[in-house]
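Chain by chain, the residues run as shown.
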Amino acid sequence: MNPLSDRDLVLELPTDIQSIENAVEFVMSRCSTCSDEAKRLNLNFRVGLTEALSNAMLYGNAHDPSKRVLVEVTMGHGRLQATVKDQGAGFDPASVPDPTRPENLTRECGRGLFLMRQLLDDVSYNDRGNEVTLVLRLDSGGALEGGAQA
Amino acid sequence: MSFQVSQNDGVTLIEVEGQLIVGNRQELKQQVLDQLEGGDLKFVIDFANTGYIDSSGLGVLVSLSKKIREQGGELRLASLNEDLRTLFELTKLDTLFRIADSKEKALEGF
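Residues numbered from 1 in each chain as written. Chains lettered and ligands numbered in written order. Predicted model: local features only at pLDDT ≥ 70, side-chain atom pairs only at ≥ 80, totals over all residues. Heavy atoms only, no water.

**Examining the sheet that holds strand β5 (residues 98-100) of chain B**
All names here are of chain B.
Piece 1. Spatially, 5 strands are ordered β1-β2-β3-β4-β5 in an open sheet, and the strand pairing comes out mixed. In this open sheet, the two strands that pair with only one neighbour each are β1 (2-8) and β5. Each neighbouring strand pair of the sheet contributes to a mean axis angle of 25°, computed without reference to strand direction.
Piece 2. Alignment of β1 against strand β2 (residues 11-17), held across 7 bridges, turns out to be antiparallel. Paired with Ser-6 across the two strands is Leu-13, which belongs to β2.
Piece 3. Along the sheet, helix α1 (residues 25-37) contacts β1, β2 and β3 (42-49); its crossing angle with β1, the most-contacted strand, is approximately 20°. (Pairing = 2+ DSSP bridges. Helix = DSSP H or I, 4+ residues; strand = E, 2+ residues; numbered from the N terminus. Axes fitted to C-alpha atoms, helices over the stretch in contact; angles between N-to-C directions. Contact = heavy atoms within 4.5 Å.)

**What about the confidence of the model for chain A?**
Piece 1. For chain A, the average pLDDT comes to 88, and 85% of its residues sit at 70 or higher.
Piece 2. In this model, residues 1-6 of chain A is a region of pLDDT below 50 whose contacts with residues beyond four sequence positions or in other chains number 15 contacts. (pLDDT = per-residue confidence, 0-100.)

**Here's the deal with the packing of α1 of chain B against helix α2 (residues 55-70) of chain B**
Helix-helix packing is described using two parameters, namely the angle between the two axes and the distance between the axes.
Residues and elements named next belong to chain B.
Piece 1. For the pair α1 and α2, interaxial distance at closest approach is 10 Å and the crossing angle is 10°. As the angle between them shows, α1 and α2 are arranged roughly parallel. Where α1 abuts α2, its residues Arg-25, Leu-28, Lys-29, Val-32, Leu-33 and Leu-36 lie against Ser-56, Gly-57, Val-60, Leu-61, Ser-63, Leu-64, Lys-67 and Ile-68.
Piece 2. Class assignment of the residues belonging to the contact of α1 with α2 gives a composition of 8 nonpolar, 3 polar and 3 charged. (Parallel < 35°, antiparallel > 145°, perpendicular 65-115°, else oblique. Nonpolar A, V, L, I, M, F, W, Y, C, P; charged D, E, K, R; others polar.)

**Considering the packing of aromatic side chains**
Piece 1. Per the stated rule, a full pass over the model turns up 2 aromatic pairs over all chains.
Piece 2. Look at Phe-91 of chain A and Tyr-125 of chain A: their rings are 5.2 Å apart centre to centre, the planes differ by 85°, and that puts the pair in the edge-to-face class. Placement of the pair is Phe-91 of chain A in the loop between β4 (79-85) and α3 (112-119) and Tyr-125 of chain A in strand β5 (residues 122-125), with a sequence separation of 34 residues.
Piece 3. Here Phe-88 of chain B and Phe-97 of chain B contribute two aromatic rings whose centre-to-centre distance is 6.0 Å and whose plane-to-plane angle is 75°, an arrangement assigned as edge-to-face.
Piece 4. Overall, Phe-97 of chain B belongs to the buried group, its relative accessible area being 7%.
Piece 5. A cation over an aromatic ring shows up here: Arg-76 of chain B above the ring of Phe-110 of chain B, its NZ or CZ 3.8 Å from the ring centre. (Phe/Tyr/Trp six-rings, centres within 6.5 Å; stacked < 30°, edge-to-face > 60°. Buried < 20%, exposed > 50% of the residue type's maximum accessible area, 1.4 Å probe, protein only. Lys NZ or Arg CZ within 6 Å of the ring centre and 35° of its normal.)

**Some remarks on the interface of chain A and chain B**
Piece 1. With 25 residues of chain A at the interface, the matching set in chain B holds 27 residues.
Piece 2. Of the roughly 2200 Å² buried where chain A meets chain B, counting both sides, 62% is carbon and sulfur surface.
Piece 3. At the boundary of chain A with chain B, the tally comes to 1 salt bridge.
Piece 4. A salt bridge links Glu-108 of chain A to Lys-29 of chain B, with the shortest nitrogen-to-oxygen separation between them at 3.5 Å.
Piece 5. Run the count over chain A and chain B and you get 4 residue pairs in polar contact (both at pLDDT 80 or more).
Piece 6. At the level of secondary structure, the elements contributing two or more residues to the side of chain A that touches chain B comprise α1 (20-30), α2 (38-60) and α3 of chain A.
Piece 7. The leading source of residues in the side of chain A that touches chain B is α2 of chain A, at 8 residues. (Buried area = accessible area lost by both parts, 1.4 Å probe. Salt bridge = Lys/Arg side-chain N within 4 Å of Asp/Glu carboxyl O. Polar contact = N/O pair within 3.5 Å; in protein donor to acceptor, adjacent residues only side chain to side chain.)

In structure tokens, the structure reads:
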């Protein structure tokens, strides 16, 4: 897990779900914003990024330890953006059923993408479906400590 | 994440310390399943010291609740902070669980 640029935050992670919590905490430690937006940062972005990494490792890379997950985070100009890319074949996000429907409520899986969409201001995939971009809008602009400035 | 397990008048109380997420959810699941196999039927999981739960953690709670109900028991949750309540409401899982404000209230009348 190495920051590769002094402007944006770039991480390359192994496919290891044990690495997710530390990776998310590392990203969160680099993000600062005004206290009014701390909740959106601490809940919405934290959970959204956790879900994206989780999906990349569990489904995208299918637990394959030889595959990596690339994370790029930029903060500034009123938005915090994270792009998470896996080395899998990709998937169709439109194919994921609504987990809040009564018939899906007791299923163990299937809430990750839903939570990302609920918690972030924008969630988009590339055409192949192996790269997701999460956007959280910040009124204050925010900053990556030691990196990009608002 | 770590957790403490105690017995309270026939109810198994599990107090979770830390986040319940994809990397550690199996530990909690196995603990509850072991207790269930040992004959415990009434469970309270207390999240007073948990900041957030991801979808995998929520999924484990759903799975455990189903397994416990199949055995004739019940899983109750306690002490969800505002963020956790938000997650349960967004996913409508607040309709699936009995959620108490504190572990004491969850244990009352169980």
